[in-house]
Amino acid sequence: MGLHFLFKNVYFVLNNLIQIMRVHLIAIGGSAMHNMALALHEKGFNVTGSDDEINEPSKTRLNTAGILPPAIGWFPEKITSDIDAVILGMHARENNPELIKAKELGLKVYSYPEYIYEATKDKTRVVIGGSHGKTTITAMILHVLNFHKIDTDFMVGAQLEGFNTMVKLTKEAPIAIIEGDEYLASPIDRRPKFHLYKPNIAILSGIAWDHINVFPTFEIYVNQFEQFIDLIEPNGTLIYCNEDADLQKVAAKSGIKNNVAKIPYSIPPHRIDNGTTIINDNGKEIPLQIFGNHNLMNLNGARLVCNKLGLTDTQFYDAIQSFKGAANRLELVMKTNDFAFYKDFAHSPSKLKATTQAVKQQFGKRSVLACMELHTFSSLNETFLAEYNGAMNDADEAIVYFNPHTIAHKKLKPITEEQVLNYFNRKDLKVFTESPVLASYLKSKSLKNHVLLMMSSGNFDGIDFNKLSKELNLN
C-alpha cells in the first residue's frame, strides 16, 4: 500500500514537471506581449523575456509578477535548447540576435497570433474582425460571459473593467474569444493576424481601408477579409454587419466551400431619452450606458455571438445594461450638468465619422467640439489624406492636430496645414501642430453646453486629459 502511494506521488510530480512549459518572449514589453507573458505566468509556465524598451504600465505589471527582465536589451545567451517555445513580438526586427539564436537552435518560434491559436485550437474559437469596433464587440461579449460566470479564454486589445489582463489562456475554458486584427502577424510572418485563428464563429463589423503601408490598395485590403471568411472552420458561422455595402459583397461570395452559415445584423430599434439610449426587448425597455449607431450595431453583433454560445436575448440584455465600454473607446473623461468630455481611439476616416455623428446625435442640443490627431502611418500619408473628405462634418467645431516630428520619425513625406485643410474639405477647420498651443486654445474657450471629443490612437504628444479637464473654462 505504501509503495503504491509512493509511485502515485512520483507520477504526480513528474506529470506536473512535464506540464511546466518554458516560454521566452522576444519584445516582452509591448502592450499585447506583456499581457501574454502575464497570462502564461498565471498558467504556471516558466516565463522569460527581453526587450530594448519597457515602459509603463508594462514595467510595473511584469515586475509585480516577477518576470521583468533584469536588464534592458537583447541577450542571445538567454536562448537555450531547453526552451519549449519562443514568441516573437511585432516590436522585434528580423535581425534580432535572440531570434537568430532561436533559429540556429531549431526552437519553435511562434508569432503572437500563432501562439494564441496553438493554445486555443481545441476550443470553440470566436474571432471578432473588421476595420472598426473589434475591441468594443469583444469587450461586450466578454462582459456578458463574465456577468453570467461563463469561463472563457480571451485576447482583447484594451484593458477591460473586471479583467486583470488583456489575455487569458487556460486548459479548462471551453471557449476562446479573440479580437482579430488584420495587421501583420510578426516581423517574419506577413500574414494578417486574423488569418491564423480559424474561427468556429466569426463576426465582421465592417470594411474601411486602413494600413496602407501593408495593403496599398483598397482591393488588396478587401481581399484579406475574403480570405478570413474562407478560413472559418467547416460548417462554422459568419455574423456580419449588413449596413456595410462592401462587407455585404464580401460575405455573399466567400465561405461557400466550407458551408459557412451567414447571419446579418444592423442597428436595433431604439430611442434616446434625455441623453440615454434605450432599446426594447419584447416590450421591456433596456437603458444603455453606451450610445451611437456604431455601438448599437456592435451590440447587436455581440448579441448574436452570445446566442450562438447558448445565451438567450434576455440573458444578454440583463448583462449588457452595465457595460460602460472599453478603455479609450468613447470613454467619458469628465461630465457636468452642461458639459461632457470624451476620449476615443478613433483615427481612421470611418471612425471619425461614426464617433462625431454618435456624439452629435446623443447630445443634439449641445455644440460638439471635435479634435483628432493624425498619428498613424496611414493618416500621415499624403495619398491617404484624401480619404478624410468630410470625416468631421458632424462636429460644430473641428480641429486637426499633427506633429511634423512624428512624420519625420516615420520617414514620410512632410504634409502641410494647407493640405490638411484641403483634404478634410471643411473651410472652418482649425489645424494645430504644437501640443501646448492646442491645449491653450481648448482652455481659452467657453465650453458650457458643449461636448469635447478628443480622438487619437496616440496621446496628442502628452496632453493629460484628466489634468486638462480640470483647467477647462466651463462658464
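The shown structure was predicted, so the numbers you read here are calculated from the model rather than taken from an experiment.

Rules used throughout
Residues numbered from 1 in each chain as written. Predicted model: local features only at pLDDT ≥ 70, side-chain atom pairs only at ≥ 80, totals over all residues. Heavy atoms only, no water. Helix = DSSP H or I, 4+ residues; strand = E, 2+ residues; numbered from the N terminus. Pairing = 2+ DSSP bridges. Axes fitted to C-alpha atoms, helices over the stretch in contact; angles between N-to-C directions. Contact = heavy atoms within 4.5 Å. Phe/Tyr/Trp six-rings, centres within 6.5 Å; stacked < 30°, edge-to-face > 60°. Buried < 20%, exposed > 50% of the residue type's maximum accessible area, 1.4 Å probe, protein only. Lys NZ or Arg CZ within 6 Å of the ring centre and 35° of its normal. 1 Å grid on protein atoms, 1.4 Å probe; cavity = no way out; pocket = protein on both sides within 12 Å on 5 of 7 lines; lining within 4 Å. Points joined across faces, edges and corners; volume = space filled by probe spheres on them. Nonpolar A, V, L, I, M, F, W, Y, C, P; charged D, E, K, R; others polar. Expected span 1.5 Å × (residues − 1). pLDDT = per-residue confidence, 0-100. Core = buried A, V, L, I, M, F, W, Y, C linked by side-chain atoms within 4.5 Å. Arc of directions from axis to C-beta. Polar contact = N/O pair within 3.5 Å; in protein donor to acceptor, adjacent residues only side chain to side chain. Salt bridge = Lys/Arg side-chain N within 4 Å of Asp/Glu carboxyl O.

1. Quick notes on unusual backbone geometry
Of note, the bond from Glu56 into Pro57 is cis; its omega dihedral lies within 30 degrees of zero at 5 degrees. Inspection of the secondary structure assignment puts Pro57 in the loop between β2 (46–50) and α3 (58–65). The phi torsion at Ala27 lies on the positive side, around 80 degrees, for a residue other than glycine. Within the element layout of this structure, Ala27 appears in the loop between β1 (22–26) and α2 (31–42). Look at Leu330: it is not a glycine, yet its phi comes out positive at around 45 degrees. Note on placement: Leu330 falls in the loop between α10 (313–320) and β17 (331–336).

2. Comments concerning the sheet that holds strand β21 (residues 430–432)
The mixed open sheet is built from six strands, whose spatial order is β17-β18-β22-β19-β20-β21. Either end of the sheet is taken by a strand with one partner, and the two such strands are β17 and β21. Each adjacent strand pair in this sheet contributes to an overall mean axis angle of 15 degrees, direction not counted. Pairing of strand β20 (residues 397–401) with β21 involves three bridges; the strand directions are parallel. Bridge pairing in β21 places Val400 opposite Val431. Contacts from helix α14 (residues 417–424) reach β19 (367–373), β20 and β21 within the one sheet, and its direction differs from that of β21 by about 140 degrees.

3. Description of the packing of aromatic side chains
In total, this model carries 17 aromatic pairs according to the counting rule given. Relative to Tyr115, the ring of Tyr110 lies with its centre 5.2 Å away and its plane at 85 degrees, an arrangement referred to as edge-to-face. No difference in accessibility class separates Tyr110 from Tyr115, as the two residues are buried. Clustering of aromatic rings is evident, with ring pairs tying together Phe194, Phe215, Tyr221, Phe225 and Phe228. The ring centre of Tyr110 lies 5.0 Å from the NZ or CZ of Lys108, which sits over that ring.

4. A closer look at the layout of surface pockets
Roughly 700 Å³ of volume is contained in the second largest pocket. Lining the second largest pocket are 30 residues, and of these Gly275, Phe291, Lys335, Tyr342 and Phe363 sit closest to its centre. For the lining of the second largest pocket, the elements supplying multiple residues, two or more each, are β15 (276–281) and β17. Tallying contributions element by element places β17 first for the lining of the second largest pocket, with four residues. Of the residues in the lining of the second largest pocket, the class split is ten nonpolar, 13 polar and seven charged.

5. Brief notes about helix α7 (residues 218–230)
Each α-helix turn comprises 3.6 residues. Residues three or four places apart therefore point the same way. For α7, which comprises 13 residues, the first-to-last C-alpha distance of 19 Å matches the rise-based estimate of 18 Å (1.5 Å per residue) to within 8%. Every buried residue belonging to α7 is among Tyr221, Val222, Gln224, Phe225, Glu226, Phe228 and Ile229, and all of these are buried. The elements touched by buried residues of α7 are β5 (124–129), β10 (189–192), β11 (201–204), β12 (237–241) and α8 (245–253).

6. Remarks on the environment of Thr312
For Thr312, the location among the structural elements is in the loop between α9 (293–308) and α10. What makes Thr312 partly exposed here is its relative accessible area of 42%.

7. Re the confidence of the model for the chain
Averaged over every residue, the pLDDT of the chain is 91; the share at 70 or more is 96%. Here residues 1–18 scores under 50 on pLDDT; set against residues more than four positions off or in separate chains, the count is zero contacts.

8. Focus: the pairing of β5
The element β5 is largely enclosed, with a buried count of five among its six residues. Of the pairings in the sheet, the one linking β5 to strand β8 (residues 175–179) comprises five bridges and is parallel in character. Bridge assignment links Ile128 to a residue of β8, and that residue is Glu179. Examined bridge by bridge, β5 and β11 share four bridges and lie parallel to one another. Following the sheet pairing, Ile128 is matched in β11 by Ile203.

9. Details of the nonpolar core
Ranked by internal contacts, the top residues of the largest apolar core, which has 122 residues, are Tyr115, Leu374 and Phe424. If near-sequence neighbours (up to four positions away) are discounted, Phe424 is found in contact with Leu352, Met372, Leu374, Leu385, Tyr388, Asn389, Gly390, Met392, Val400 and Leu429. In terms of nonpolar packing, the next biggest core, distinct from the first, is built from 20 residues, Val333, Phe339, Tyr401 and Leu438 among them.

10. As for helix α4 (residues 97–104)
When α4 is considered as a whole, its buried residues turn out to be Glu98, Leu99 and Ala102. Taken around the axis of α4, the buried residues stretch over an arc of 100 degrees, which confines them to a single face. Against the buried residues of α4 lie β1, β2, β3 (85–88) and β4 (109–111). A side-chain oxygen of the first residue of α4 lies 2.9 Å from the backbone nitrogen of Glu98; this N-cap is Asn96.

11. Some remarks on the sheet that holds β3
Pairing in this open sheet of four strands is parallel, and the strands run β2-β1-β3-β4 from one edge to the other. Taken across any chain shown, the strands that pair with only one partner, and hence form the sheet edges, are β2 and β4. Here the average twist between neighbouring strands, direction ignored, is 25 degrees. With four bridges joining them, β1 and β3 adopt parallel strand pairing. Each residue of the ladder has a partner; that of Val23, found in β3, is Ala85. Sitting on the sheet, α4 is in contact with β1, β2, β3 and β4, with an inclination near 140 degrees to β1. Set on the sheet, helix α5 (residues 112–120) makes contact with β1, β3 and β4; between it and β4 the angle comes to about 100 degrees.

12. Quick look at the pattern of salt bridges
The tally for this structure, following the rule as stated, stands at 21 salt bridges. Residues Lys121 and Glu118 are paired through a salt bridge, measuring 2.9 Å at the closest nitrogen-oxygen approach. For the salt bridge of Asp189 with Arg191, the shortest nitrogen-to-oxygen distance reads 2.8 Å. A network of salt bridges, in which partner residues are shared, links Glu114, Asp189 and Arg191.

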